[in-house]
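Spelled out, the chains give:
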Amino acid sequence: MKTAEKELAQVNERFYKAFEALDIEVMGKIWGEGGDVQCGHPGWQILRGRDAVIESWRRIFENTSVIRFSLSDVAIQVHGRVGWVTLYENITSSLGDEMVSATVLTTNIFAKGPDGWRLIHHHGSPVAQPPTRLEPDPTTIH
């Protein structure tokens, strides 16, 4: 793995550690600045601008007591000062007194600036049934 890919993997890991810790201060340090920041939580409308995005994390953290992630099928791409990570979030969380599980197909896009890699776009879509095959089917036409 190249240096930029390793750096991107590390900041992506910090994102999920902040999420599991429900730590809004660390989460805020991971996100970029300004109006170009966007976030699409599963089932939500797209949020644009840093203030709206950080407020969404604050609301999620205030209403979540436990959340754990197991990440799978992680792929990292870097092109210059932009990089992205695609993956499946296999989530276990509490809903009242009950533990629930879900799988979310996610794209995290990062931009590299003077302070290193910062998250500028997070998008998660619920997956009804996680893939059982991680390699592309050679018979599929796209």
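Our subject is the structure listed above.
Please read all numbers here as calculations on a predicted model, not as lab measurements.

Some words on the overall build of the chain
Here is step 1: Along the chain, the regular secondary structure elements total 3 helices and 6 strands.
Here is step 2: Counting helices and strands in the order they occur from the N terminus, the chain gives α-α-β-β-α-β-β-β-β.
Here is step 3: Here the C-alpha atoms of the chain give a radius of gyration of 16 Å, agreeing with the 14 Å that 2.2 N^0.38 yields for 142 residues.
Here is step 4: Considering only C-alpha atoms, the chain reaches an extent of 45 × 45 × 25 Å along its principal axes.
Here is step 5: Of the contacts formed within the chain by residues at least 6 apart in sequence, a portion of 47% connects residues at least 24 apart.
Here is step 6: Per element, the accessible surface of the chain, about 8800 Å² overall, is 51% carbon and sulfur.
Here is step 7: Positive and negative side-chain charges of the chain, numbering 14 and 18 respectively, have mean locations separated by a distance of 6 Å.

Concerning helix α3 (residues 50–62)
Here is step 1: Between the first and last C-alpha of α3 there are 18 Å, a value that for 13 residues agrees with the 18 Å anticipated at 1.5 Å per step.
Here is step 2: Turning to α3, the residues buried within the fold contact α1 (3–21), α2 (24–30), β1 (38–40), β2 (47–48) and β6 (116–127).

Let's talk about the nonpolar core
Here is step 1: By size, the foremost hydrophobic cluster in this structure holds 27 residues, and its most contacted members are F15, F19, M27, W31 and W57.
Here is step 2: In terms of residue count, α1 provides more of this core than any other element does, 6 residues in total.

Topic: the pattern of salt bridges
Here is step 1: Under the definition given, this model contains 6 salt bridges.
Here is step 2: Across the salt bridge formed by E7 and K112, the nearest N and O atoms sit 3.1 Å from each other. Taken as a pair, E7 in helix α1 and K112 in strand β5 (residues 98–113) lie far apart in primary sequence, 105 residues in all.
Here is step 3: In this structure, D115 and R118 form a salt bridge, with 3.7 Å as the shortest nitrogen-oxygen distance.
Here is step 4: For D115, a relative accessible area of 65% puts it in the exposed group.
Here is step 5: The class for R118 is buried, based on a relative accessible area of 16%.
Here is step 6: Overlapping salt bridges bring together E33, R50, D115 and R118 as one network.

Points about the packing of aromatic side chains
Here is step 1: Tallied over the entire structure, the rule returns 8 aromatic pairs.
Here is step 2: For the ring pair F15 and Y16, a centre distance of 4.7 Å and an interplane angle of 80 degrees mean the geometry is edge-to-face. Each member of the pair F15 and Y16 is classed as buried.
Here is step 3: Centroid distance F15 to F19: 6.1 Å. Interplanar angle 65 degrees. Geometry classified as edge-to-face. Here F15 pairs with F19, and both are found in helix α1, just 4 residues apart, close to one helical turn. Like F19, F15 is buried.
Here is step 4: Put simply, the rings of F15, Y16, F19, W57, F61 and F69 touch in pairs and so form one group of aromatic residues.

Description of the side chain of N12
Here is step 1: One can find N12 in helix α1.
Here is step 2: Judged by relative accessible area, which is 4%, N12 ranks as buried.
Here is step 3: Filtering out sequence-adjacent residues up to four positions away, N12 remains in contact with V85, L87, N108 and F110.

Conventions used here
- Residues numbered from 1 in each chain as written.
- Predicted model: local features only at pLDDT ≥ 70, side-chain atom pairs only at ≥ 80, totals over all residues.
- Heavy atoms only, no water.
- Helix = DSSP H or I, 4+ residues; strand = E, 2+ residues; numbered from the N terminus.
- Rg over C-alpha atoms; globule rule 2.2 N^0.38 Å.
- Contact = heavy atoms within 4.5 Å.
- Areas by Shrake-Rupley, 256 points an atom, 1.4 Å probe, with all protein chains shown as cover.
- Lys, Arg positive; Asp, Glu negative; His and termini not counted.
- Charge placed at Lys NZ, Arg CZ, Asp CG, Glu CD.
- Expected span 1.5 Å × (residues − 1).
- Core = buried A, V, L, I, M, F, W, Y, C linked by side-chain atoms within 4.5 Å.
- Buried < 20%, exposed > 50% of the residue type's maximum accessible area, 1.4 Å probe, protein only.
- Salt bridge = Lys/Arg side-chain N within 4 Å of Asp/Glu carboxyl O.
- Phe/Tyr/Trp six-rings, centres within 6.5 Å; stacked < 30°, edge-to-face > 60°.

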